[in-house]
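Residues per chain, in single letters:
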Amino acid sequence: GVVGSPTIEATRDAAIARFQLEPAAREAVRLQYKDSDGDLVDLSTEEELAMALAACQPSHPLRLVVSLRAPTAASTPRTTIPTAIVQGDTDTKESKEARAAAKEARRREKEEEKREKRRVKEASREADRMGIRSFIHEAIANAAAQANAQPSRPGTETQTPP
(Lines give C-alpha, C1' and ligand atoms only; values in the text may rest on other atoms or scores of the structure.)
Protein backbone atom coordinates (compact mmCIF):
# COMPACT_ATOMS: atom_id res chain seq x y z
CA GLY A 1 0.00 0.00 0.00
CA VAL A 2 0.90 3.66 -0.32
CA VAL A 3 1.98 5.41 2.85
CA GLY A 4 0.66 8.96 3.13
CA SER A 5 -0.68 10.97 0.22
CA PRO A 6 1.01 10.83 -3.16
CA THR A 7 2.70 14.03 -4.29
CA ILE A 8 2.78 15.63 -7.72
CA GLU A 9 6.51 14.92 -7.95
CA ALA A 10 6.04 11.25 -6.99
CA THR A 11 3.19 10.95 -9.49
CA ARG A 12 5.31 12.58 -12.22
CA ASP A 13 8.23 10.26 -11.34
CA ALA A 14 5.90 7.25 -11.56
CA ALA A 15 4.73 8.37 -15.02
CA ILE A 16 8.34 8.83 -16.17
CA ALA A 17 9.23 5.35 -14.91
CA ARG A 18 6.02 3.74 -16.23
CA PHE A 19 6.48 5.07 -19.76
CA GLN A 20 10.28 4.75 -19.64
CA LEU A 21 10.87 8.44 -20.37
CA GLU A 22 14.16 10.23 -19.96
CA PRO A 23 14.46 11.95 -16.56
CA ALA A 24 15.22 15.14 -18.50
CA ALA A 25 11.60 15.05 -19.73
CA ARG A 26 10.43 15.77 -16.15
CA GLU A 27 9.31 19.34 -16.89
CA ALA A 28 7.61 18.27 -20.14
CA VAL A 29 5.40 15.68 -18.38
CA ARG A 30 1.82 16.91 -18.15
CA LEU A 31 -0.60 15.25 -15.74
CA GLN A 32 -4.35 15.62 -16.25
CA TYR A 33 -7.58 13.93 -15.21
CA LYS A 34 -11.21 14.10 -16.31
CA ASP A 35 -13.43 15.87 -13.82
CA SER A 36 -17.09 15.05 -13.18
CA ASP A 37 -18.06 17.25 -16.15
CA GLY A 38 -15.75 15.29 -18.47
CA ASP A 39 -13.27 18.17 -18.81
CA LEU A 40 -9.52 17.50 -18.76
CA VAL A 41 -8.03 19.28 -15.76
CA ASP A 42 -4.30 19.87 -15.27
CA LEU A 43 -2.67 18.54 -12.11
CA SER A 44 0.27 20.73 -11.20
CA THR A 45 -0.03 21.35 -7.46
CA GLU A 46 -0.45 19.24 -4.36
CA GLU A 47 -3.84 20.89 -3.74
CA GLU A 48 -5.11 19.97 -7.22
CA LEU A 49 -3.95 16.37 -6.75
CA ALA A 50 -5.61 16.19 -3.31
CA MET A 51 -8.89 17.51 -4.77
CA ALA A 52 -8.75 14.98 -7.62
CA LEU A 53 -8.07 12.12 -5.18
CA ALA A 54 -10.86 13.27 -2.88
CA ALA A 55 -13.33 13.20 -5.80
CA CYS A 56 -12.54 9.63 -6.84
CA GLN A 57 -14.54 6.66 -5.58
CA PRO A 58 -14.24 2.88 -5.92
CA SER A 59 -16.69 2.92 -8.82
CA HIS A 60 -14.88 5.87 -10.44
CA PRO A 61 -11.13 5.59 -9.83
CA LEU A 62 -8.84 8.48 -10.68
CA ARG A 63 -7.48 7.94 -14.19
CA LEU A 64 -4.57 10.14 -15.15
CA VAL A 65 -3.82 11.34 -18.66
CA VAL A 66 -0.06 11.61 -19.11
CA SER A 67 1.29 13.58 -22.03
CA LEU A 68 4.41 15.50 -22.96
CA ARG A 69 4.41 19.21 -23.66
CA ALA A 70 6.63 20.80 -26.26
CA PRO A 71 9.34 22.92 -24.67
CA THR A 72 8.25 26.48 -24.04
CA ALA A 73 10.16 29.53 -25.13
CA ALA A 74 10.66 30.44 -21.47
CA SER A 75 12.45 27.15 -20.79
CA THR A 76 14.71 27.43 -23.83
CA PRO A 77 17.79 29.61 -23.42
CA ARG A 78 18.08 32.37 -25.99
CA THR A 79 21.18 33.88 -27.45
CA THR A 80 21.52 37.55 -26.65
CA ILE A 81 22.19 39.84 -29.56
CA PRO A 82 25.13 42.19 -29.04
CA THR A 83 24.00 45.60 -27.78
CA ALA A 84 25.70 47.43 -30.63
CA ILE A 85 23.43 45.71 -33.14
CA VAL A 86 20.28 46.46 -31.18
CA GLN A 87 21.25 50.12 -30.90
CA GLY A 88 21.75 50.35 -34.68
CA ASP A 89 25.51 50.53 -34.82
CA THR A 90 26.99 51.49 -38.17
CA ASP A 91 27.98 48.73 -40.58
CA THR A 92 31.48 48.18 -39.36
CA LYS A 93 33.25 44.89 -39.92
CA GLU A 94 32.68 44.01 -36.25
CA SER A 95 28.95 44.73 -36.36
CA LYS A 96 28.52 42.66 -39.54
CA GLU A 97 30.37 39.79 -37.91
CA ALA A 98 28.32 40.16 -34.75
CA ARG A 99 25.05 40.16 -36.76
CA ALA A 100 26.19 37.11 -38.71
CA ALA A 101 27.13 35.32 -35.48
CA ALA A 102 23.79 36.21 -33.87
CA LYS A 103 21.91 35.08 -36.97
CA GLU A 104 23.80 31.77 -36.98
CA ALA A 105 23.11 31.31 -33.25
CA ARG A 106 19.36 31.90 -33.81
CA ARG A 107 19.39 29.42 -36.71
CA ARG A 108 21.07 26.79 -34.49
CA GLU A 109 18.54 27.48 -31.71
CA LYS A 110 15.63 27.02 -34.10
CA GLU A 111 17.10 23.76 -35.38
CA GLU A 112 17.60 22.55 -31.81
CA GLU A 113 14.03 23.53 -30.91
CA LYS A 114 12.73 21.58 -33.92
CA ARG A 115 14.80 18.53 -32.94
CA GLU A 116 13.53 18.76 -29.35
CA LYS A 117 9.91 19.09 -30.50
CA ARG A 118 10.32 16.03 -32.72
CA ARG A 119 11.90 14.10 -29.84
CA VAL A 120 9.10 15.09 -27.45
CA LYS A 121 6.45 14.24 -30.05
CA GLU A 122 8.02 10.81 -30.67
CA ALA A 123 8.33 10.19 -26.93
CA SER A 124 4.66 11.12 -26.54
CA ARG A 125 3.68 8.74 -29.34
CA GLU A 126 5.74 5.97 -27.78
CA ALA A 127 4.14 6.66 -24.39
CA ASP A 128 0.72 6.42 -26.06
CA ARG A 129 1.70 3.12 -27.70
CA MET A 130 3.04 1.76 -24.40
CA GLY A 131 -0.12 2.85 -22.58
CA ILE A 132 -2.34 1.16 -25.15
CA ARG A 133 -0.26 -2.03 -25.03
CA SER A 134 -0.41 -2.00 -21.24
CA PHE A 135 -4.17 -1.47 -21.32
CA ILE A 136 -4.63 -4.36 -23.76
CA HIS A 137 -2.40 -6.66 -21.68
CA GLU A 138 -4.29 -5.73 -18.51
CA ALA A 139 -7.65 -6.32 -20.21
CA ILE A 140 -6.55 -9.74 -21.46
CA ALA A 141 -5.16 -10.68 -18.04
CA ASN A 142 -8.37 -9.52 -16.32
CA ALA A 143 -10.55 -11.45 -18.77
CA ALA A 144 -8.45 -14.58 -18.25
CA ALA A 145 -8.60 -14.18 -14.47
CA GLN A 146 -12.37 -13.76 -14.58
CA ALA A 147 -12.77 -16.78 -16.85
CA ASN A 148 -10.66 -18.91 -14.47
CA ALA A 149 -12.63 -17.65 -11.46
CA GLN A 150 -16.07 -18.52 -12.91
CA PRO A 151 -17.64 -21.41 -10.96
CA SER A 152 -18.81 -24.24 -13.15
CA ARG A 153 -22.55 -24.39 -13.67
CA PRO A 154 -24.45 -27.55 -12.74
CA GLY A 155 -24.86 -29.88 -15.67
CA THR A 156 -21.91 -28.45 -17.60
CA GLU A 157 -19.28 -30.75 -16.15
CA THR A 158 -18.00 -33.39 -18.50
CA GLN A 159 -18.41 -36.90 -17.24
CA THR A 160 -15.76 -39.48 -17.95
CA PRO A 161 -17.08 -42.96 -18.61
CA PRO A 162 -16.37 -45.55 -15.85
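Notes on the structure follow.

What counts, and where the lines are drawn
- Residues numbered from 1 in each chain as written.
- Predicted model: local features only at pLDDT ≥ 70, side-chain atom pairs only at ≥ 80, totals over all residues.
- Heavy atoms only, no water.
- Helix = DSSP H or I, 4+ residues; strand = E, 2+ residues; numbered from the N terminus.
- Buried < 20%, exposed > 50% of the residue type's maximum accessible area, 1.4 Å probe, protein only.
- Contact = heavy atoms within 4.5 Å.
- Arc of directions from axis to C-beta.
- Pairing = 2+ DSSP bridges.
- Axes fitted to C-alpha atoms, helices over the stretch in contact; angles between N-to-C directions.
- Patch = residues over 30% accessible without salt bridge, like charges linked within 9 Å, V, L, I, M, F, W, Y side chains within 5 Å.
- Areas by Shrake-Rupley, 256 points an atom, 1.4 Å probe, with all protein chains shown as cover.
- Salt bridge = Lys/Arg side-chain N within 4 Å of Asp/Glu carboxyl O.
- Lys, Arg positive; Asp, Glu negative; His and termini not counted.
- Charge placed at Lys NZ, Arg CZ, Asp CG, Glu CD.

As a further point, take the overall build of the protein chain. Within the protein chain, the secondary structure is distributed over four helices and three strands. Listing each helix as α and each strand as β along the protein chain from the N terminus yields α-β-β-α-β-α-α. The buried share of the protein chain, reckoned over its 162 residues, is 17%. Restricting to contacts in the protein chain with at least 6 residues of sequence separation, those with at least 24 account for 57%.

Those residues of helix H1 (residues 8-18) lying buried are Ile-8, Thr-11, Arg-12, Ala-15 and Ile-16. Looking straight down H1, one finds that the buried residues subtend no more than 140° of arc, so they occupy a single side. Among the structural elements, strand E1 (29-34), helix H2 (46-55) and strand E3 (64-68) are those in contact with the buried residues of H1. In the stretch just after H1, Gln-20 is the one whose phi turns positive, near 50°.

Pairing is antiparallel in the open sheet, where three strands are placed in the order E2-E1-E3. At either margin of the open sheet sits one strand with a lone partner, and together these are strand E2 (40-42) and E3. Each strand of the sheet is rotated relative to its neighbour by a mean of 35°, with strand direction disregarded. Pairing analysis gives three bridges linking E1 to E2, with the strands arranged antiparallel. Looking across to E2, one finds that Lys-34 is bridged to Leu-40. Its contacts with the sheet place H1 against E1 and E3, and it is angled at close to 105° to E1.

This paragraph deals with a positive patch on the surface. A cluster of basic residues, Lys-103, Arg-106, Lys-110, Lys-114 and Arg-118, forms a positive patch on the protein surface. Checked against the element boundaries, Lys-114 lands in helix H4 (residues 93-149).

Bear in mind that shape data such as this cannot, by itself, settle questions of function.
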